[in-house]
Amino acid sequence: TYKEEIELTVELLVDATSSMGLPTAEKFLRANQLAVCLGYVGLTGRHHVRLSWLKPGRPSSTPWFHSRSDLLRMAAAAEAARPGGQITYADWMARAAAALRIRGGQAILITDGMVPPADFFKALHVLMVRNLEVKVLQVLTAQELHPAKLLRGGLLVDVETGRTHQLAYSAAELDRAMSDHNEQLVRFCKRHGIPFARHLLDEPLESFVMKTLPVRGFFE
């Protein structure tokens, strides 16, 4: 009983859909770096850690890592991961929860949040009902907060669905749409007591992990 109380499981769930590779491949790289950092923190706390990537196909994960000596194997697995494809978050979570026997402990979702809010909410609910302490880490480029800096008009093609949309919006309208989308994610997490943190790529990784994440409750 004592061992079960002090040793927790930490599920690190990294979004590996196509949007994570845009507008720069560095976004997915940073997401995996954050996963390894959080995994190492878990290992130093004597917890069991494993990584999974949200992507098409059968849900799979790394083996469980148990000690700090597993850091290199964990980092190698993260480095080998590649983004691509489209999923429905809620469907993936439901299948992964069954296939990987995800229940209890912590689940930290690392994503850009570029998903319909309703799907995002359902996916987190799948985790919450399995007695998991859920946390969300959003990774974005600074440009994504201001879409007009990336594009102003023309035909937009969704990298995951292939759907097209004619853009004819002002810079303010694009910024407001992005802000409203992100605010929905933040409000849901706040309403359900889910720690949430946003990381921009122009912020140094070390300061974010050492200063921001502890304040946001990621190491509790």
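See the structure shown above.
Residues numbered from 1 in each chain as written. Predicted model: local features only at pLDDT ≥ 70, side-chain atom pairs only at ≥ 80, totals over all residues. Heavy atoms only, no water.

Draft legend 1. Region of interest: unusual backbone geometry. Cis peptide bonds are those with omega within 30 degrees of zero, and the linkage from Leu22 to Pro23 qualifies with 0°. Relative to the helices and strands, Pro23 resides in the loop between strand S1 (9–15) and helix H2 (26–44). Phi at Arg101 is positive, roughly 55°, even though this residue is not glycine. Structurally, Arg101 is set in the loop between helix H4 (89–99) and strand S3 (106–111). (Helix = DSSP H or I, 4+ residues; strand = E, 2+ residues; numbered from the N terminus.)

Draft legend 2. Quick look at the side chain of Gln138. Its location among the elements puts Gln138 in strand S4 (residues 133–140). Engagement of the side chain of Gln138 in a polar contact is seen with the side chain of Arg198, the distance being 2.7 Å. (Polar contact = N/O pair within 3.5 Å; in protein donor to acceptor, adjacent residues only side chain to side chain.)

Draft legend 3. Quick look at the environment of Trp92. Looking at the element boundaries, Trp92 is found in helix H4. Sequence-wise, Trp92 and Arg58 are 34 residues apart; in three dimensions their C-alpha atoms are separated by 8.7 Å. When near neighbours in sequence (up to four residues on either side) are disregarded, Trp92 contacts Leu13, Ser52, Trp53, Leu54, Lys55, Pro59 and Ile87. At 3.5 Å, the side chain of Trp92 forms a polar contact with the backbone oxygen of Lys55. (Contact = heavy atoms within 4.5 Å.)

Draft legend 4. Up close: the pairing of S3. Among the six residues that make up S3, six are buried, leaving the element largely enclosed by the rest of the structure. Side chains of S3 alternate between two faces, with Gln106, Ile108 and Ile110 and Ala107, Leu109 and Thr111 buried alike. Pairing analysis gives five bridges linking S1 to S3, with the strands arranged parallel. Across the sheet, the residue bridging to Leu12 is Ile108, located in S3. Two elements, S3 and S4, share six bridges in a ladder whose sense is parallel. Residue pairing across strands places Ile110 opposite Leu137, the latter belonging to S4. Handedness of the β-α-β unit built from S3, helix H5 (residues 117–128) and S4 comes out right-handed. (Buried < 20%, exposed > 50% of the residue type's maximum accessible area, 1.4 Å probe, protein only. Pairing = 2+ DSSP bridges. Right-handed = clockwise from strand over helix to strand, strands pointing away.)

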